[in-house]
Amino acid sequence: MNSNIYRKILIATDGSEPVKKAVDTAIEIARLGEAKLYAVYVIAPGGLSLTHPRDVGWDKAMKEHLSTEGKEATAYVETRGKAANVEVEPVILEGNPAHEIVEFAEKNDIDLIVMGTHGRTGVKRFLLGSVAQNVVRHSRKAVLVVRETETE
């Protein structure tokens, strides 16, 4: 079933369990449409103001940790994609996750953005924010949000 509706699909991944359902969904859509899949991980800024020289070491260690996490998250998508015969390109970006996802989609002519959501509601959603919600709100591209219900 080669459909040219979605030639380029972006899957936003953070490596978490709830996102794995979205990864599987994106891979299946890409497989059915013979589309290319971009596995995007965004290293978010720590939001910390570095006031002491020793903080630079911590900042560097955290960035290295997040970079490693990003490589693992995108490698998971690559492995799953390879098993489904789907071409996957890993992408690691830095910045505000929602902004970087929307910008990457615009610059790379992405047809569909697939994202997972942790299913938070109420105060947790308000306090933690929602990358998926911000992408839906600001993207001019189609966005598919795959919900993972909260188990708490």
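Residues numbered from 1 in each chain as written. Predicted model: local features only at pLDDT ≥ 70, side-chain atom pairs only at ≥ 80, totals over all residues. Heavy atoms only, no water.

- Looking at an unreviewed UniProt entry, one finds the protein named Universal stress protein, with Methanosarcina siciliae T4/M as its source organism.
- Among the UniProt annotations of the protein, the heading Sequence similarities (unreviewed entry) holds the following wording: "Belongs to the universal stress protein A family." (UniProt positions renumbered as here; feature names shortened; annotations may be inferred.)

### Focus: the overall build of the protein
Phase 1: Summing up its helical and strand segments, the protein has 5 helices and 5 strands in all.
Phase 2: Traced from its N-terminal end to its C-terminal end, the protein shows the element sequence β-α-β-α-β-α-β-α-α-β.
Phase 3: Relative to its 152 residues, the protein shows a buried fraction of 37%.
Phase 4: In the protein, the proportion of contacts linking residues at least 24 apart, taken out of those at least 6 apart, comes to 80%. (Helix = DSSP H or I, 4+ residues; strand = E, 2+ residues; numbered from the N terminus. Buried < 20%, exposed > 50% of the residue type's maximum accessible area, 1.4 Å probe, protein only. Contact = heavy atoms within 4.5 Å.)

### Some details on the environment of Ala 39
Phase 1: Following the sequence through the fold, Ala 39 ends up in strand E2 (residues 36-43).
Phase 2: A C-alpha to C-alpha distance of 5.1 Å links Ala 39 and Ile 11, two positions 28 residues apart in sequence.
Phase 3: Other than its neighbours up to four places away in sequence, Ala 39 contacts Ile 11, Thr 74, Val 77, Val 88, Glu 89, Pro 90 and Val 91.

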